[in-house]
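Spelled out, the chains give:
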Amino acid sequence: MFLGKMHEEFAIICLDSNRCVHYAGSVVKGSINETAAYPRLIVDAALKHNAQTVILAHNHPNGSVLPSNADMETTAVLVKALEAIEIDVLDHVIVSGDRFYSMASMGNM
């Protein structure tokens, strides 16, 4: 999904109650160093694909997988927005090249 991208993209993976994937795709395309993951767009995608739970993901074309302060703030806002409609966020994964960072695994969620 993110391989070879020179700009940031924000994606969502929508899962059902059995954690089977129903949709995985890019929701927002950004610039070379940022993307605006507006809660309305993310919530709309989750509802459109009947998600019970979601995994959020975006890429960092600059090579770093570490979350920025903006990434942390965006994640918190999205978790609240999705929780308000009873959709759980399992993780937010940052991808760069062949490396990734799982916010859930690292205790950032």
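Quick caveat: nothing in here was measured; it's all calculated off a predicted structure.

Student: Account for helix α2 (residues 69-83), naming residues and giving values.
Tutor: Over its 15 residues, α2 extends 21 Å from the first C-alpha to the last, a length consistent with the 21 Å expected when each residue adds 1.5 Å. For α2, the full list of buried residues reads Asp71, Thr75, Leu78, Val79 and Leu82. Seen end-on, α2 carries its buried residues on one side only, within an arc spanning 105 degrees. What points out from α2, more than 90 degrees from its buried face, is the exposed set Asn69, Glu73 and Lys80. Where the residues of α2 are buried, they touch β1 (9-15), α1 (39-48), β3 (53-59) and β4 (88-96).

Student: Summarise the pattern of salt bridges; cite the residues concerned and give the values.
Tutor: All chains considered together, the criterion is met by 1 salt bridge. One salt bridge in this structure joins Glu9 and Lys5, with 3.3 Å as the shortest N-O distance. The partly exposed category is assigned to Lys5, whose relative accessible area is 29%.

Student: Let's hear about the pairing of β1: which residues, and what values?
Tutor: A large share of β1 lies buried, amounting to 6 of its 7 residues. The hairpin formed by β1 and strand β2 (residues 21-29) contains 5 residues between the paired strands, and Arg19 there has a positive phi angle of roughly 60 degrees. Relative to β3, β1 runs antiparallel, the two sharing 6 bridges. From the neighbouring strand, Ile12 faces β3, where its bridge partner is Leu56.

Student: Can you break down the packing of α1 against α2 residue by residue, with the values?
Tutor: Viewed as axis vectors pointing N to C, α1 and α2 meet at an angle of 45 degrees, and their least axial separation amounts to 10 Å. Between α1 and α2, the interaxial angle falls into the category oblique. Classified by chirality, the crossing of α2 by α1 is right-handed. Residues Pro39, Ile42, Val43 and Ala46 of α1 form the contact with α2, whose own contacting residues are Val77, Leu78, Ala81 and Leu82. Per-class residue counts for the contact of α1 with α2 are 8 nonpolar, no polar and no charged.

Student: Tell me about the side chain of Ser102, residues and numbers included.
Tutor: Tracing the backbone through its elements, the reader meets Ser102 in strand β5 (residues 99-102). A residue is classified by how much of its surface remains accessible, and Ser102, at 7% relative accessible area, is buried. A polar side-chain atom of Ser102 sits 2.5 Å from a polar atom in the side chain of Asp91. Setting aside chain neighbours within four positions, we find Ser102 in contact with Asp91 and His92.

Cut-offs applied
- Residues numbered from 1 in each chain as written.
- Predicted model: local features only at pLDDT ≥ 70, side-chain atom pairs only at ≥ 80, totals over all residues.
- Heavy atoms only, no water.
- Helix = DSSP H or I, 4+ residues; strand = E, 2+ residues; numbered from the N terminus.
- Expected span 1.5 Å × (residues − 1).
- Buried < 20%, exposed > 50% of the residue type's maximum accessible area, 1.4 Å probe, protein only.
- Arc of directions from axis to C-beta.
- Contact = heavy atoms within 4.5 Å.
- Salt bridge = Lys/Arg side-chain N within 4 Å of Asp/Glu carboxyl O.
- Pairing = 2+ DSSP bridges.
- Axes fitted to C-alpha atoms, helices over the stretch in contact; angles between N-to-C directions.
- Parallel < 35°, antiparallel > 145°, perpendicular 65-115°, else oblique.
- Left-handed = near helix turned anticlockwise from the far one by under 90°.
- Nonpolar A, V, L, I, M, F, W, Y, C, P; charged D, E, K, R; others polar.
- Polar contact = N/O pair within 3.5 Å; in protein donor to acceptor, adjacent residues only side chain to side chain.

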